[in-house]
Amino acid sequence: MRGPTLRAAGLVTVVLAGLLGSAFALGRSLVPDPHPSAAGVATPLTATRYGDQPPSTDFPGGTASARPIPDAAPDAAPVEPGGDGPYGALVTTGSAAVALTFDDGPDPRWTPQVLALLAQYGVQATFCVVGENVQAHPDLVRSIVAEGHTLCNHSWNHDVRLGKRSPAMIRADLLRTSDAILAAAPDARIEYYRQPGGAWTPSVMSACADLDLTPLHWNVDPSDWKAPGATAIEALVRSQVGPGAIVLMHDAGGDRSGTVSALQRLLPELVFRFELAPLPVGSP
Ligand SMILES: [Zn+2]
């Protein structure tokens, strides 16, 4: 009876493995693409689709804590001023000043609320704007500039895989975005670029060097794009912020009520503890 028993056990194993495999494939197919815009599919501007968290396995230098492996970036262009982030992107301000950065806008609902809070506390920040949103809301770009904040190019449509596209496509994307910013605010200075998802690649670094844009990363990330709630955002920023910090937050890409509330609670303390300054730009 051993033979048939073993065969039966083997058959059961094979069937189980097949079922598990199917379940796994089904599970994978049910997991939504965390970055649907990356495929270039047009989605409504109101959809939650931006977030500066990289696909962790795709990009070795994609997180603030991850350091680039030197061998992985043999052709990375030297960038001045250098930073300690992925491929040399800036993660600190280089001074004691703390820089607040707001990504993915401008957004007609959230950007005005962030601007009002910053004005209330006399704080200037840096806005990393997305080209298609700039084109849709040029008035908000003008408000940002008029209120003394600085700007950062954050790509045309937040393609987190932009870094893996051709050098020509990367360059065209960055140029199109800068052109849209300048069309909205001709006096704006655009001296920084932030890669969507923090998914930096040597090709992106080369494009930045070519276009005279400083790659801008961050070192404080409350993951507010996941809308974890004001308390969580506030606690993370409070525990991690220090002299020279670059804080990543979002004024677009979803429900940013938590970010706005956290900012409202944090600003009185931050202005007391630190000098808050935008990433500096030169004179026109
Ligand atoms: Zn972003």
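Quick notes on the rules
- Residues numbered from 1 in each chain as written.
- Predicted model: local features only at pLDDT ≥ 70, side-chain atom pairs only at ≥ 80, totals over all residues.
- Heavy atoms only, no water.
- Helix = DSSP H or I, 4+ residues; strand = E, 2+ residues; numbered from the N terminus.
- Buried < 20%, exposed > 50% of the residue type's maximum accessible area, 1.4 Å probe, protein only.
- Contact = heavy atoms within 4.5 Å.
- Areas by Shrake-Rupley, 256 points an atom, 1.4 Å probe, with all protein chains shown as cover.
- Pairing = 2+ DSSP bridges.
- Expected span 1.5 Å × (residues − 1).
- Bend = angle between axes of the 7 residues up to and from the residue.
- Arc of directions from axis to C-beta.

S.K.: Tell me about the overall build of the protein, and please be specific about residues and values.
M.R.: Helix and strand content of the protein: eight helices and six strands. Mapped from its N terminus to its C terminus, the protein presents α and β elements in the order α-β-α-β-α-α-β-α-β-α-β-α-β-α. Across the 284 residues in the protein, those meeting the buried criterion constitute 49%. Looking at the protein alone, contacts between residues at least 24 apart form 76% of all its contacts between residues at least 6 apart. Roughly 13,100 Å² of accessible area belongs to the protein as shown, and the carbon and sulfur atoms make up 59% of that amount.

S.K.: Requested: an account of the sheet that holds strand S4 (residues 190-193), with residues and values cited.
M.R.: Pairing is parallel across the open sheet formed by six strands, whose spatial order is S5-S4-S3-S2-S1-S6. The strands lining the two open edges of the sheet, one partner per strand, are strand S5 (214-215) and strand S6 (246-250). Pairing analysis gives four bridges linking strand S2 (residues 126-129) to strand S3 (residues 150-153), with the strands arranged parallel. If you follow Phe-127 over to S3, its bridge partner there is Leu-151.

S.K.: Tell me about helix H8 (residues 257-273), and name the residues and values.
M.R.: For H8, which comprises 17 residues, the first-to-last C-alpha distance of 24 Å matches the rise-based estimate of 24 Å (1.5 Å per residue) to within 8%. By the largest-angle criterion, Leu-266 marks the main kink of H8, which is about 40°, and a proline, Pro-268, follows within four residues. If you check which residues of H8 are buried, you get Gly-258, Thr-259, Val-260, Ala-262, Leu-263, Leu-266, Leu-267 and Leu-270. In the core, the buried residues of H8 are packed alongside strand S1 (99-103), helix H2 (111-120), helix H7 (230-240) and S6.

S.K.: Can you lay out helix H5 (residues 167-184) for me, pointing to particular residues and giving the numbers?
M.R.: Here H5 contains 18 residues, and its C-alpha end-to-end distance of 26 Å stays within 8% of the 26 Å for a straight helix at 1.5 Å per residue. Looking at H5, one finds that the buried residues are Ile-170, Asp-173, Leu-174, Thr-177, Ser-178, Ala-180, Ile-181 and Ala-184. Buried residues in H5, looked at end-on, bunch into an arc of 155°, giving them a common side. Set apart from the buried face of H5 by more than 90 degrees, the exposed residues are Pro-167, Ala-168 and Ala-183. Lining the buried residues of H5 we find S2, helix H3 (131-136), helix H4 (138-146), S3, S4 and helix H6 (202-211).

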